[in-house]
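The chain contents come next:
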Amino acid sequence: SMRDGLPMRLLLLGSPGSGKGTQSYRIQKKFNISVISSGDILRQNIARGTKIGKIAAREIERGAYVSDEIMIELVTKELQNKQQNWLLDGFPRTIAQAIALDDRSAMTDRALNLVINLHVPEEVILQRIMDRWVHVPSGRVYNLSYNPPKINGLDDITGEKLTKRSDDNPETFKIRLQKHRSLTEPLLEYYAERNILITFHGRTSDEIYPQIERELLRRFGTGNLGIDD
Ligand code: ATP
Ligand code: MG
């Protein structure tokens, strides 16, 4: 096996609309790691009409966060079935969640080793979420200006219908941004103190992705490229 690099255990941080979903998809394809997106898990629960989905729908529609208790339970369960290498998108999102993940990592000896913060100017993010369409079963994200689907309204890979997110409107976006500032931005300091934070700047995902890829290759080597023999 060529997996001689350090294990990759990544977290993507960044305001709503900063392109976390797009970057995780690209990182996943390049480095062959499992992605756990808390937002995608919640939207899949909503689509399936589960009990958690019903609770989540209420919170998401008003731009509020789902409780730490539910999120910790949901993501911890997800992590149990994963390999050594993973990328988290959207969790931890509060200090309580970060502490819960660290406690768990201390037991499993699989701590986060890099936190990637996406910094995108505020004036471009609202337009980006207004232009955004998603494929709920896979979490794939399209943007009508930057990366439109090949066929309008349909997912490139499955041909299934794309939808708008219930929280991608200017009113809810404003609340999401406020929640992000007060509850999630404190994580930047939390991870900076642990020396695992790195910030990338850009207006589009195409500007930022090459910087991330270069940094991941530098830190983790090519051992994670998925060339499994
Ligand atoms: P974007 O996808 O544009 O980066 P986002 O980060 O706001 O924006 P998601 O990560 O998909 O979007 O999350 C959507 C919603 O799901 C959040 O606004 C919140 O209500 C809920 N949610 C997702 N993850 C968590 C979490 N870890 N803790 C609490 N609520 C969460
Ligand atoms: Mg997202």
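Residues numbered from 1 in each chain as written. Chains lettered and ligands numbered in written order. Predicted model: local features only at pLDDT ≥ 70, side-chain atom pairs only at ≥ 80, totals over all residues. Heavy atoms only, no water.

S.K.: For this particular structure, what's the right way to read the overall build of the protein chain?
M.R.: For the protein chain, the count of helices and strands is 9 helices and 7 strands. A compact globule built from 229 residues should have a C-alpha radius of gyration of about 17 Å, and the protein chain, at 17 Å, falls within 12% of that. The C-alpha extent of the protein chain, read off along each of the three principal axes, is 45 × 40 × 35 Å. Residue burial in the protein chain is summarised as follows: out of 229 residues, 47% are buried. Sequence-distant contacts, at least 24 apart, represent 75% of the contacts inside the protein chain between residues at least 6 apart. Accessible area for the protein chain stands at about 11,700 Å²; split by element, carbon and sulfur atoms hold 51% of it. Side-chain charges in the protein chain split into 33 positive and 30 negative, and the spacing between the mean points of these groups amounts to 3 Å. (Helix = DSSP H or I, 4+ residues; strand = E, 2+ residues; numbered from the N terminus. Rg over C-alpha atoms; globule rule 2.2 N^0.38 Å. Buried < 20%, exposed > 50% of the residue type's maximum accessible area, 1.4 Å probe, protein only. Contact = heavy atoms within 4.5 Å. Areas by Shrake-Rupley, 256 points an atom, 1.4 Å probe, with all protein chains shown as cover. Lys, Arg positive; Asp, Glu negative; His and termini not counted. Charge placed at Lys NZ, Arg CZ, Asp CG, Glu CD.)

S.K.: When you look at the packing of helix α2 (residues 38–48) against helix α3 (residues 51–61) in this model, what are you seeing that I'm missing?
M.R.: The relative placement of two packed helices comes down to the angle between their axes together with the axis-to-axis distance. With their axes 8 Å apart at the nearest point, α2 and α3 run at an angle of 115° to one another. α2 and α3 meet at a crossing whose hand is left-handed. When α2 is examined against α3, the residues L42, N45 and I46 are found in contact with a partner set consisting of I52, G53, A56, A57 and I60. The residue inventory of the contact of α2 with α3, partitioned by class, reads 6 nonpolar, 2 polar and no charged. (Axes fitted to C-alpha atoms, helices over the stretch in contact; angles between N-to-C directions. Left-handed = near helix turned anticlockwise from the far one by under 90°. Nonpolar A, V, L, I, M, F, W, Y, C, P; charged D, E, K, R; others polar.)

S.K.: Help me out: how do you make sense of the site of ligand 1 in this one?
M.R.: Around ligand 1, the surrounding shell holds 20 residues, and the nearest of these are G17, K20, S38, A64 and R132. Contacts to ligand 1 include G17, whose backbone N or O atom sits 2.6 Å from an oxygen atom. S38 is positioned such that a nitrogen or oxygen atom in its side chain is 2.7 Å from a nitrogen atom of ligand 1. Protein contact buries 97% of the 610 Å² of open area that ligand 1 shows by itself. A breakdown of the residues in the shell around ligand 1 according to their chemical character gives 8 nonpolar, 5 polar and 7 charged. (Near = heavy atom within 4 Å. Polar contact = N/O pair within 3.5 Å; in protein donor to acceptor, adjacent residues only side chain to side chain.)

S.K.: Could you clarify how one ought to interpret the packing of aromatic side chains in this entry?
M.R.: Aromatic ring pairs: the centre-centre distance and the angle between the two ring planes describe each pair. Throughout the structure, instances matching the rule amount to 1 aromatic pair. Residues Y190 and Y191 carry aromatic rings whose centres are separated by 5.1 Å and whose planes lie at 90° to one another, so their mutual orientation is edge-to-face. The exposure class assigned to Y190 is buried, which follows from its relative accessible area of 9%. Residue classification places Y191 among the buried positions, given a relative accessible area of 1%. In this structure, R93 is placed above the aromatic ring of Y65, and the distance from its NZ or CZ to the ring centre is 5.1 Å. Against the face of Y190 rests R194, its NZ or CZ located 3.6 Å from the ring centre. (Phe/Tyr/Trp six-rings, centres within 6.5 Å; stacked < 30°, edge-to-face > 60°. Lys NZ or Arg CZ within 6 Å of the ring centre and 35° of its normal.)

S.K.: Please explain the packing of helix α1 (residues 20–31) against helix α9 (residues 205–220) as it appears in this structure.
M.R.: Contact geometry for α1 and α9: axes closest at 10 Å, N-to-C directions at 40°. Our classification of the angle between α1 and α9 gives oblique. In this structure, α1 meets α9 at a crossing whose hand is right-handed. Side by side, α1 and α9 meet where T22, Q23, R26, I27, K30 and F31 of the first sit next to S205, D206, I208, Y209, I212, E213, L216 and L217 of the second. (Parallel < 35°, antiparallel > 145°, perpendicular 65-115°, else oblique.)

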